[in-house]
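# Structural overview
Each chain, letter by letter, is given below.
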Amino acid sequence: MAPSKTSSAVISQRNREDLALSKTLHGESWDESHHQDSFLSKLKNRDRQFQPAVVDNYLDNWKEDKPENESEEAKTQRQNAYKAVANSFYDLATDFYEYAWGTSFHFCRFRPREPFQQAIARHEHYLAANMGIQPSWKVLDIGCGVGGPAREIGHFTGAHVTGLNNNDYQINRAKRYAVTYGLDKKSDFVKGDFMSMPLDDNSYDACYAIEATVHASTLEGVYGEAYRILKPGGVFGCYEWVMTDLYDPTNPEHLRIVRGLEVGNGIAQMMTRKDCLKALETVGFTIEKHQDMGATEDKIKWYYPLEGDIRQANAFWDYLTVLRTTTAGRAATTYMVRALEKMRLVAPGSAKVSSILQTAADSVLEGALLGIFTPMYFFVARKPADTPSQ
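Read on for an overview of the structure. Nothing here was measured: the structure is a model prediction, and the numbers come from that model. Along every chain, residues carry numbers that run from 1 in the direction the sequence is written. It should be noted that, the model being predicted, local features are given only for residues of pLDDT at least 70 and side-chain atom pairs only at 80 or more, the latter also being counted only at that level, while totals for whole chains, interfaces and linings use all residues. Each side-chain value is derived from all of the structure's non-hydrogen atoms; neither hydrogens nor water enter the calculation.

Bringing the environment of Phe-194 into the picture now. Secondary structure elements follow DSSP: runs of H or I of four or more residues count as helices, runs of E of two or more count as strands, with numbering from the N terminus. Tracing the sequence through the fold places Phe-194 in the loop between β3 (187-191) and β4 (204-210). For every residue, the accessible area obtained with a 1.4 Å probe (protein chains only) is divided by the maximum for its type, and the residue is called buried under 20%, exposed over 50%, and partly exposed between those limits. When its relative accessible area of 12% is taken as the criterion, Phe-194 is described as buried. Distance in space between the C-alpha atoms of Phe-194 and Lys-83 is 9.3 Å, their sequence separation being 111 residues.

Here, nonpolar core means buried Ala, Val, Leu, Ile, Met, Phe, Trp, Tyr and Cys residues that are tied together by side-chain atoms lying within 4.5 Å of each other. Within the largest apolar cluster, 54 residues are counted, with the highest numbers of intra-cluster contacts made by Ile-133, Tyr-208, Trp-241, Met-270 and Phe-373. With six residues, the single largest contributor to this core is helix α6 (residues 116-131). Sequence-distant contacts of Trp-241, that is, excluding residues within four places in its chain, are made with Phe-107, Glu-211, Val-214, Leu-261, Asn-265, Ile-267, Met-270, Met-271, Val-364, Phe-373, Thr-374 and Pro-375. Should any heavy atoms of two residues lie within 4.5 Å, those residues are considered in contact.

Lines fitted to C-alpha atoms define the axes, with helix axes restricted to the stretch in contact, and inter-axis angles between N-to-C directions lie between 0 and 180 degrees. At a closest axis distance of 9 Å, the pairing of helix α9 (residues 219-229) and helix α11 (residues 273-283) adopts a crossing angle of 45°. Comparing their axes, α11 and α9 come out oblique. Regarding α9 and α11, the two cross each other, and that crossing is right-handed. Where α9 abuts α11, its residues Leu-219, Glu-220, Tyr-223, Gly-224 and Tyr-227 lie against Asp-275, Cys-276, Ala-279, Leu-280, Thr-282 and Val-283. Here the contact of α9 with α11 is built from residues that sort into seven nonpolar, two polar and two charged. Angle categories: roughly parallel below 35 degrees, roughly antiparallel above 145, roughly perpendicular from 65 to 115, and oblique for all the rest. Should the near helix be turned counterclockwise from the far one by less than a right angle, the crossing is left-handed, whereas a clockwise turn marks it as right-handed. In the scheme used here, Gly and all other residues not listed as nonpolar or charged are polar, with Ala, Val, Leu, Ile, Met, Phe, Trp, Tyr, Cys and Pro taken as nonpolar and Asp, Glu, Lys and Arg as charged.

Next up on the list: the sheet that holds strand β2 (residues 160-165). Pairing between two strands is assigned when DSSP locates at least 2 bridges connecting them. Ordered by their spatial adjacency, seven strands build an open sheet running β3-β2-β1-β4-β5-β7-β6, and the pairing between neighbours is mixed. Each of the sheet's edge strands pairs with one partner strand only, and the pair in question is β3 and β6 (286-292). On average, each strand axis in the sheet is inclined to that of its neighbour by 20°, with strand direction left out of account. In terms of strand pairing, β2 meets β3 through five bridges, oriented parallel. By the bridge assignment for β3, Gly-163 is matched with Phe-189. Here α6 sits on the sheet and contacts β4, β5 (230-243), β6 and β7 (373-382); the angle it forms with β5, its principal contact strand, is near 145°.

In this section: unusual backbone geometry. Even without being a glycine, Arg-113 presents a positive backbone phi close to 65°. As for its placement among the helices and strands, Arg-113 is situated in the loop between α5 (82-100) and α6. Look at Arg-113 and you get exposed, because its relative accessible area is 73%.

To continue, consider the side chain of Asp-95. With respect to the element layout, Asp-95 can be found in helix α5. By relative accessible area, Asp-95 is classed as buried at 2%. Pairing of N or O atoms within 3.5 Å defines a polar contact, subject to two protein rules: one partner must be a possible hydrogen donor and the other a possible acceptor, and residues neighboring in sequence count only if both atoms are side-chain atoms. One polar contact links Asp-95 to Tyr-169, side chain to side chain, over a distance of 2.8 Å. Setting aside residues no more than four positions away along its own chain, Asp-95 makes contact with His-26, Phe-39, Lys-42, Arg-46 and Tyr-169.

Next up on the list: the environment of Arg-382. Relative to the helices and strands, Arg-382 is located in strand β7. You can call Arg-382 partly exposed: its relative accessible area is 26%. Measuring from C-alpha to C-alpha, the distance between Arg-382 and Ser-350 comes to 43 Å, with 32 residues separating the pair along the chain. Not counting residues up to four positions away in its chain, the partners in contact with Arg-382 are Gly-233, Gly-234, Val-235, Phe-285, Thr-286 and Glu-288. In this structure the side chain of Arg-382 is engaged in a polar contact, spanning 2.8 Å, whose partner is the backbone oxygen of Gly-233. At 2.7 Å, the side chain of Arg-382 and the side chain of Glu-288 are in polar contact.

Nothing here speaks to function; it is geometry throughout.
Below you can see the structure in the form of structure tokens.
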């Protein structure tokens, strides 16, 4: 059920505190007149005293250097802090993501001679089409980022899309983008924790998540909320980050990669493919489709931008994207930001954020090459039509 009045008051207070902290961190970049500031301007505008503390507090969630030695107590503590972990991460990382990747923060499959942004859009269209989203539907984007997929799926289907997000900076940017692209009447963006959604029971025809629910403390928690807010017969589609069946939790090398995925992406704990499917069934969904879209026999692999195979780029902007996201490109960005930080042209802590994101990309690529990780475990699940209304 939706939060009670008492819990809503507590949530409202926490939301006000989150908003104040986010505005302090981002400084002038928060204001809509600075919405299209350059990447470096955004880093310069960040608070010089506050950002280093945010970075250090974020990294304190992983105190044990060797993941195989981490206690269960430490893991549980981090899981309980999932909301703060993800919120801090996206306050720090969003500007870097937009600079390197665009406004849809997810991976995708590629066809030969297909431009990067077209492939990103096709990935979103594939999810919407398999869900059967109709123009008259109310649709929820769970963990919407800056609204890239919500805008594209709204354009593609004609449906009204509400984005749910716990990060104020991203919500602010999503709202401004919606106005820019003429979708402010067909979209909405709501502040909220997807483990306790501030939404009514049985109120949406469909919901989806694209590489977002990995930030939950438990998949049962977020999937259970998706189930609650869907109307009977409603559909839930997702691309989930999971460890595959090849992952061995006793292998130190695999654990090192998992640690990199978690630290580099604001994830409290990575889950497995089996965890994902079990969670869906536990909360009551009927699974209609599921497949690892990253394990297909595509000629061009989904991770090619990280691997640096520039031969697969098909447009001028694709070359720039690939150059920025290769190992060399990521290192160059960190060196550049570090130099600018020393010259006091960007806020302290910016280079450390860039380094964290280097770890993220390295771990994604390593996990992909070993076949132990996928960012696109695709499923479509349905809430039974005969589910009684609450």
